[in-house]
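# A structural walkthrough
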Amino acid sequence: MATRAVSVGEKGSFTDSYQQYVNPQWVALLNLLDMNVHYQRCSGAELFTADGRRILDFLSGYCVHNTGHNHPYIVQALKGELDKSGPAMLQSHVPEIAGELAERLCKLAGGGLQKVYFGSSGSEGVEAAIKFARATTGRTGIVYARGSFHGLTAGALSLMNDAFWREGFGPLLQNTEGIEFGDLLGLERVLETRRYAALVLEPIQAEAGIRVPSNEYLQKAQEYCRRTGTLLVIDEVQTGMYRTGTFLASHQFGLQPDIVILAKALSGGLMPVSATLMTEKVYRSVYSSLRRAIVHTSTFSENSLSMRAGLAALDVLESERLGERAMALGESFRAKLREELAPFEMIKEIRGMGLLCGIEFRAPNKLSLRVPFEAFHRVHPAMFGQVVVMRMFREKNILTQICGNHFLVLKAAPPLVVSERQLDEFVSAIRGVVKLAHTSATFWSEALGLARRAVNL
Ligand SMILES: Cc1ncc(COP(=O)(O)O)c(C=O)c1O
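Owing to the predicted nature of the structure, the values given are computational and were not obtained by experimental measurement. (Residues numbered from 1 in each chain as written. Predicted model: local features only at pLDDT ≥ 70, side-chain atom pairs only at ≥ 80, totals over all residues. Heavy atoms only, no water.)

### So, the sheet that holds strand β1 (residues 39–43)
Overall, mixed pairing links the four strands, which are arranged β1-β2-β3-β13 in an open sheet. The open sheet has two free edges, formed respectively by β1 and β13 (398–399), since each of these has just one partner strand. As paired strands, β1 and strand β2 (residues 46–49) are joined by four bridges and run antiparallel to one another. Within β2, the residue paired with R41 across the bridge is F48. Strand contacts of helix α17 (residues 420–439): β2, β3 (54–57) and β13, with the helix running at about 95° to β3, the strand carrying the most contacts. (Pairing = 2+ DSSP bridges. Helix = DSSP H or I, 4+ residues; strand = E, 2+ residues; numbered from the N terminus. Contact = heavy atoms within 4.5 Å. Axes fitted to C-alpha atoms, helices over the stretch in contact; angles between N-to-C directions.)

### A few points about the site of the ligand
Close to the ligand lie S121, G122, S123, F149, H150, G151, E202, D235, V237, Q238 and K264, which account for all nearby residues. One of the side-chain nitrogen or oxygen atoms of D235 is found 2.6 Å away from a nitrogen atom of the ligand. K264 has a polar side-chain atom sitting 2.9 Å from an oxygen atom of the ligand. Along the lines of polarity and charge, the residues of the shell around the ligand split into two nonpolar, six polar and three charged. (Near = heavy atom within 4 Å. Polar contact = N/O pair within 3.5 Å; in protein donor to acceptor, adjacent residues only side chain to side chain. Nonpolar A, V, L, I, M, F, W, Y, C, P; charged D, E, K, R; others polar.)

### A short note on unusual backbone geometry
Going from G170 to P171, the amide bond is cis rather than trans, its omega being -5°. As for its placement among the helices and strands, P171 is situated in the loop between α8 (163–166) and β6 (176–179). One non-glycine residue, S85, lies in positive phi territory at about 50°. Inspection of the secondary structure assignment puts S85 in the loop between α4 (72–83) and α5 (96–109).

### Things to note about α4
With 12 residues, α4 should reach 16 Å at 1.5 Å per residue; the first-to-last C-alpha distance of 16 Å fits that figure. Those residues of α4 not exposed but buried are I74, A77, L78 and E81. Burial along α4 is one-sided: seen end-on, the buried residues are contained in an arc of 95°. Among the exposed residues of α4, those oriented more than 90 degrees off its buried face are P72 and D83. Against the buried residues of α4 lie α5 and α13 (304–319). Two residues or fewer past α4, S85 is found with a positive phi of approximately 50°. (Expected span 1.5 Å × (residues − 1). Buried < 20%, exposed > 50% of the residue type's maximum accessible area, 1.4 Å probe, protein only. Arc of directions from axis to C-beta.)

### Describing the pairing of β3
The pairing of β2 with β3 spans three bridges and is antiparallel. Bridge assignment links E46 to a residue of β3, and that residue is L56. Where β2 folds back onto β3 in an antiparallel hairpin, the turn is made up of four residues, including G52, whose phi is positive at roughly 85°. In this sheet, β13 lies alongside β3 in parallel orientation, the contact comprising two bridges. Bridged to D57 within β13 is L399.

### What about the pattern of salt bridges?
Inspection of the entire model under this criterion finds 28 salt bridges. In this structure, E180 engages R146 in a salt bridge whose closest nitrogen and oxygen atoms are separated by 3.2 Å. Remark: R146 occurs in the loop between β5 (141–145) and α7 (154–157) and E180 occurs in the loop between β6 and α9 (184–191); sequence separation between them is 34 residues. Residue E180 is classed as partly exposed on the basis of its relative accessible area, which comes to 41%. Connected through shared salt-bridge partners, D34, R391, R394 and E395 make up one network. (Salt bridge = Lys/Arg side-chain N within 4 Å of Asp/Glu carboxyl O.)

### Let's talk about the domain arrangement of the chain
Assigned domains within the chain: domain 1 (37–67 + 321–456) and domain 2 (72–319). On a C-alpha basis, the centres of domain 1 and domain 2 stand 29 Å from each other. On the side of domain 2, 35 residues touch domain 1, which itself brings 32 residues to the contact. In this assembly, domain 1 packs against domain 2 so that about 2,500 Å² is buried in total across both faces, 58% of it on carbon and sulfur atoms. Between the two partners, domain 1 and domain 2, sit one salt bridge. Close ionic contact of K411 with E207 constitutes a salt bridge, the shortest N to O distance being 2.4 Å. Remark: the boundary between domain 1 and domain 2 carries 17 residue pairs in polar contact (both at pLDDT 80 or more). Of all elements in the fold, only α3 (60–63), α14 (322–341), β11 (347–353), β12 (356–361) and β15 (406–412) reach the threshold of two or more residues within the side of domain 1 that touches domain 2. The biggest single contributor to the side of domain 1 that touches domain 2 is α14, with five residues. Here the side of domain 1 that touches domain 2 is built from residues that sort into 16 nonpolar, 12 polar and four charged. (Domains from an automatic or database assignment. Buried area = accessible area lost by both parts, 1.4 Å probe.)

Right, here's the structure in full:
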């Protein structure tokens, strides 16, 4: 089916206002990729456009929509909260609903996590973790894994080595040290200096290419942290909230972190919220006296709508057993992908955990494929992946993306309510696009057209 980009100035559309007053570059990029469609209604794993398309969401807003789009239970819970006309953001009362959500989160997370700081975004959660780790240890440095994505505020950005995100924004935090993900020797050497307040890790690196580490790596990392008095901070912004099958991915690796950051899916897909879970020791180091009762806070922290969204999201995740579903469906989904994509030389690996999956591509050996592949890689390293994304969207009606820090890995992370039939639809769609890349010149001429249009913008 042909797509129709929402044109600038179209009647009833505020695309031109967005273009003028918000971010024209973003509109141009979506237009370039043929992905600027007008979504009218979103439900479960499906997105419906004004011109009658039904698109399957395999991105989930980067793991926001674990409970599916506009889950009726969560929508109802939010309406109910508004109808109460209760206290919100008075900044001078005890928001009991925050207590209710914090208790549930701590019980689900387990280990030593006993207190929660609420914020409005994953980055804000990471900022809190940096400050809290410094306050607890009296040290300033932070160690992180290279390739990670922790958010784009100045502190969080200091824990990301990729030059693309940092360029033009420095100097960032001093004393941060990036170690290769999986490099235990390097990690031990750095932590042994005992100069670092925390090691901040994603348990599975999402934007780095859905990199699933060995149990041994994370266990040893935890052991080194304990031995050297370094806090272990686990960023579960994408992996948490049952995305990988368990409430936290940390649970599958047997970790007991000092701080855990949750965000994205805690929102029920509707309200901005993050939660920084911490041990009693961390809490006491920060909020150490009456004078310091609100030494770290934020205006929208603990607001009733976000708290209600979090509670409702947990209700849905638990009552619909979405973790078990993610675990079972994820396994069979990856098995089908492996089987269907096995004949294609450009497929390097299918990996993941639960419904956080990645399909890694590689340069082909066959000369007729290798030449165009490398030419496009030279134009832009993301070019090949973007053509796959574009074709999946335009011809197969499936929304997905390549990883932000690894352009040869395509993500498949649908809402956890996705059906088996919808997963099969993805498998057959990606098989079709991959086959085209291996057999048809039009795939490569399309990429050339994209490159030309990008240069002309
Ligand atoms: C692992 C991880 N941590 C932190 C963040 C930052 O979250 P936010 O965009 O809500 O600030 C992201 C965002 O994608 C993320 O993927």
